[in-house]
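Topology and contacts: notes
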Amino acid sequence: MLFSDREEAGKLLGNRLKEEIEKIGIDKDNAVILAIPRGGIPVAYYVSKETGIPFSLVITKKIALPSDPEAAIGAIAPDGTYLLSSYAGYFSPEEIEIAKENALKEAIEKKNKYLKYEPDIEGKDVIIVDDGIATGYTAMVAGMSAKNKGARKVILAVPVCPANNREKVKRVFDDFICYEAVDTPFFAVGAFYRDFHQVSDEEVKQYIEKAKQKGLFL
C-alpha cells in the first residue's frame, strides 16, 4: 500500500476507526484524538472529520545524544514521562541524563509553541494519531503521558507500521489500529507515501483553524 499523502492516509484510517469504535469499546461521546505534531496533524484532522471525534495535540520529543542528534535513544513528554530504547544501554548514565534534560527542555518549548492549553482527558478515551510509527517510542510516550493524566482508555491509530511492533506497542496501549502493517526488516514511514513532505508550521496553523471552524478542535 502506498498512500498518496497524509490526507488519503487520514481518510482511510478514519474509516477503519469508524468500523472499530464499537468493537474496541471506545465511547465516541467521551473520546478525544491527540495528534503528534507535525506529521500526525493532517492525519488526525481527517480522522476527526471521518469519526466526528474532536482532536487536539500531544507533544513528545525524541531523546538523542548531543554527539549524534540523528540517532534517537528514546522519547520524552513535557511532563517528564520518558521511555528509553535498549540502545540507550550502550551509553553512560551521565550521557543519558544530559540527553534527557536537553530533550525535556525542547519538549516544553515545543508544547509552548503548538499547544496554548491542554484538553482535560481525565476519564476519557484517548486516540493517539501519527502518520506512522517506526520504533514506536514517540507514540508510546504519548500514550504513557495520556494515562498519567487519567485517560480511561488509550488507543494508538496510525496508517502504517512495522508488523512486528504490535506486541511492543500494546505494552502501553489498550488497543492498536494500524491500517497497513508491513512485514519488512527495513522500515521507514516515508517510504509508504508518495508525498511525505515535512509539514510546516503554517500548515499546522491551517489545519487547526479549519478544525476550529468545523468544531473539531478542542
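Residues numbered from 1 in each chain as written. Predicted model: local features only at pLDDT ≥ 70, side-chain atom pairs only at ≥ 80, totals over all residues. Heavy atoms only, no water.

Scanning the protein from N- to C-terminus turns up 6 helices and 8 strands. Written out in order from the N terminus, the α and β elements of the protein read α-β-α-β-β-β-β-α-β-α-β-α-β-α. Its C-alpha radius of gyration of 16 Å places the protein within 12% of the 17 Å reference for a compact globule of 218 residues. Counting only C-alpha atoms, the protein reaches 45 × 40 × 35 Å along its principal axes. (Helix = DSSP H or I, 4+ residues; strand = E, 2+ residues; numbered from the N terminus. Rg over C-alpha atoms; globule rule 2.2 N^0.38 Å.)

On to the side chain of Arg-6. By secondary structure assignment, the location of Arg-6 is in helix H1 (residues 6-20). Ignoring anything within four residues of it in the chain, the contact list for Arg-6 reads Gly-39, Pro-42, Val-43, Asp-131, Tyr-193, Phe-196, His-197 and Val-199. (Contact = heavy atoms within 4.5 Å.)

Looking now at the pairing of strand S7 (residues 153-162). Successive side chains on a regular strand alternate, one facing one side of the sheet and the next facing the other. Within S7, 10 of the 10 residues are buried, leaving the element largely enclosed by the surrounding structure. The sheet contact formed by strand S6 (residues 125-129) and S7 spans 5 bridges and is parallel. Within the sheet, the bridge partner assigned to Val-126 lies in S7 and is Val-154. In terms of strand pairing, S7 meets strand S8 (residues 175-182) through 7 bridges, oriented parallel. Its bridge partner lying in S8, Ile-155 is registered against Asp-175. (Buried < 20%, exposed > 50% of the residue type's maximum accessible area, 1.4 Å probe, protein only. Pairing = 2+ DSSP bridges.)

Once that is clear, we can look at the nonpolar core. Residues Ile-26, Ile-33, Phe-55, Leu-57, Ile-127 and Val-160 are the most contacted members of the largest nonpolar core, which totals 40 residues. Elements that contribute at least two residues to this core include exactly H1, strand S1 (31-35), helix H2 (40-51), strand S2 (55-57), S6, S7, S8 and helix H6 (201-213). No other element matches H2, which puts 6 residues into this core. In contact with Leu-57, not counting residues within four places along its chain, are Leu-34, Ala-35, Pro-37, Ile-41, Tyr-114, Leu-115, Ile-208 and Phe-217. (Core = buried A, V, L, I, M, F, W, Y, C linked by side-chain atoms within 4.5 Å.)

Reading across from one edge, S3-S4-S5 is the order of the 3 strands in this open sheet, with antiparallel pairing throughout. Strands with a single pairing partner mark the edges of an open sheet, and in this sheet they are strand S3 (61-65) and strand S5 (82-84). Between one strand axis and the next, the sheet turns by 55 degrees as a mean value, whatever way the strands run. Pairing between S3 and strand S4 (residues 68-76): 5 bridges, direction antiparallel. In the sheet register, Ala-64 faces S4, and the bridge partner there is Ala-72. (Axes fitted to C-alpha atoms, helices over the stretch in contact; angles between N-to-C directions.)

As a further point, take the layout of surface pockets. Reported here for the largest pocket is a volume of approximately 1200 Å³. Around the largest pocket, the lining comprises 40 residues; the ones closest to its centre are Pro-37, Lys-62, Lys-110, Asp-130 and Thr-138. When residues of the lining of the largest pocket are traced back to their parent elements, those giving at least two are S3, S4, helix H3 (93-114) and helix H4 (137-148). When grouped by side-chain class, the residues that make up the lining of the largest pocket number 18 nonpolar, 12 polar and 10 charged. Lining the second largest pocket are 13 residues, with Lys-113, Tyr-114, Lys-116, Ile-208 and Lys-212 positioned closest to its centre. Among the elements of the structure, H3 and H6 are those that each provide at least two residues to the lining of the second largest pocket. Looking at the lining of the second largest pocket element by element, the count peaks at 6 residues for H6. Taken together, the residues of the lining of the second largest pocket sort by class into 7 nonpolar, no polar and 6 charged. (1 Å grid on protein atoms, 1.4 Å probe; cavity = no way out; pocket = protein on both sides within 12 Å on 5 of 7 lines; lining within 4 Å. Points joined across faces, edges and corners; volume = space filled by probe spheres on them. Nonpolar A, V, L, I, M, F, W, Y, C, P; charged D, E, K, R; others polar.)

This part takes up the pattern of salt bridges. If you walk through the whole model with that rule in mind, you get 13 salt bridges. In this structure, Glu-7 and Lys-11 form a salt bridge, with 2.8 Å as the shortest nitrogen-oxygen distance. Linking Glu-7 with Lys-11, this pair stays in helix H1, spanning 4 residues, or about one helical turn. By relative accessible area, Glu-7 is classed as partly exposed at 30%. Residue Arg-38 is joined to Asp-201 by a salt bridge in which the shortest nitrogen-to-oxygen separation is 3.2 Å. Here Asp-201 lies in helix H6 and Arg-38 lies in the loop between S1 and H2, a separation of 163 residues in the sequence. Of the residues examined, Arg-38 reaches a relative accessible area of 25% and is grouped as partly exposed. A residue is classified by how much of its surface remains accessible, and Asp-201, at 26% relative accessible area, is partly exposed. Linked through salt bridges whose partners overlap, the residues forming this network are Asp-79, Lys-111, Glu-118 and Lys-149. (Salt bridge = Lys/Arg side-chain N within 4 Å of Asp/Glu carboxyl O.)

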